[in-house]
Amino acid sequence: MNWRTVLRTAGVLSVLCGLTAALQAQEATNAPFRRINAGNFRPIFAAGVPTGGLPVASFLLAAQPVTNAEFQRFVTTNPAWRRSRVPKVAADALYLRHWAGDLVLGPNAPPDAPVVNVSWFAATAYAQWMGARLPTTAEWELAASRFRRITGGDPARMSAQVLAWYSTAPQHTVSPVGQGVRSDEGVTDLHGVVWEWVEDFNAVVTSGESRGDSGPDAGLFCAGGAALTADPSDYAAFMRYALRGSLRASYALATLGFRVARDLPTDHSASTR
């Protein structure tokens, strides 16, 4: 066997191993996906944004947030992401603090409850492990706006309803996923369960005053006032943007979890697994 044959064989084996790992990860999570149809996303800050908003292509979004049990399987398979081993630069001291141990969930982390106290780095690593990614802000916001059956398409009613859902959030961090409100496209727990990481969480417009200092944070984009917002009355959207603007990728919060997304297959089939 010459060296070219050896390299080709090694390459094939590497690809097969990679596919096997991805399939095992997907089987371990058992998370169904829902197709989110294309639409327009209107950012909270309207400067430079077309009147109709920004176009967002169709994509797949996990129907539920990632659970403690699913994340437990991830850290079991990937020891570098266990609580005692994760680098400080990738997760702060609060990372998985509600678990009883590295691989033990305990009473404060029911297996079917959404995992929280995870950093953006850890959430991104989990998504890559299962052959997925985090949704972008635009994708998440688009999916989280699709509640016409409940709100009748009334923006004011939607905003009020979301605020009502948010008021119950703390008690749901230990409740099973899938019990929250369901969107028109079959995605649950988008509001009123846990906050969720997005891929571009730090691409946020905030002001220095929102954090009590005298100038904009150097790690974020500069700010405008409420006069530049698309809808100053959408307080729920302000809450989400304020949270994202306060985050760093290593932060772990007791009310912050995540779900994963995928691009549609190239043939745009309706696969949802």
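This text gives an overview of the structure that appears in the document. (Residues numbered from 1 in each chain as written. Predicted model: local features only at pLDDT ≥ 70, side-chain atom pairs only at ≥ 80, totals over all residues. Heavy atoms only, no water.)

## Re the pattern of salt bridges
Here comes step 1: Evaluated as defined, the whole model comprises five salt bridges.
Here comes step 2: Taking the shortest distance from any N to any O, the salt bridge between E139 and R133 comes out at 2.8 Å. With respect to burial, E139 and R133 carry one shared label: buried.
Here comes step 3: For R146, the salt bridge goes to E185, with nearest N and O atoms at 2.8 Å. (Salt bridge = Lys/Arg side-chain N within 4 Å of Asp/Glu carboxyl O. Buried < 20%, exposed > 50% of the residue type's maximum accessible area, 1.4 Å probe, protein only.)

## Brief notes about the packing of helix α2 (residues 68–77) against helix α3 (residues 120–129)
Here comes step 1: Axis separation between α2 and α3 bottoms out at 11 Å; the angle between their running directions is 85 degrees. As the angle between them shows, α2 and α3 are arranged roughly perpendicular. Residues E70, F71, R73, F74 and T77 of α2 lie in contact with α3, whose contacting residues are A122, A125, Y126 and W129.
Here comes step 2: Tallied by class, the residues present in the contact of α2 with α3 amount to six nonpolar, one polar and two charged. (Axes fitted to C-alpha atoms, helices over the stretch in contact; angles between N-to-C directions. Helix = DSSP H or I, 4+ residues; strand = E, 2+ residues; numbered from the N terminus. Parallel < 35°, antiparallel > 145°, perpendicular 65-115°, else oblique. Contact = heavy atoms within 4.5 Å. Nonpolar A, V, L, I, M, F, W, Y, C, P; charged D, E, K, R; others polar.)

## Considering the side chain of R262
Here comes step 1: Of note, R262 is situated in strand β7 (residues 261–263).
Here comes step 2: Despite its burial, R262 remains without a salt bridge, the nearest opposite charge being carried by D263 at 9.4 Å.
Here comes step 3: A distance of 3.2 Å separates a polar side-chain atom of R262 from the backbone oxygen of G131. (Lys, Arg positive; Asp, Glu negative; His and termini not counted. Polar contact = N/O pair within 3.5 Å; in protein donor to acceptor, adjacent residues only side chain to side chain.)

## Concerning unusual backbone geometry
Here comes step 1: The backbone phi angle of L96 is positive, close to 55 degrees, even though this residue is not glycine.
Here comes step 2: Position of L96 relative to the elements: it lies in the loop between α2 and α3.
Here comes step 3: Of the residues examined, L96 reaches a relative accessible area of 0% and is grouped as buried.
Here comes step 4: Despite not being glycine, N117 has its phi angle at roughly 55 degrees, a positive value.
Here comes step 5: Here N117 lies in the loop between α2 and α3.
Here comes step 6: Given the relative accessible area of 2%, N117 is considered buried.

Purely spatial values, then, with no claim about function.
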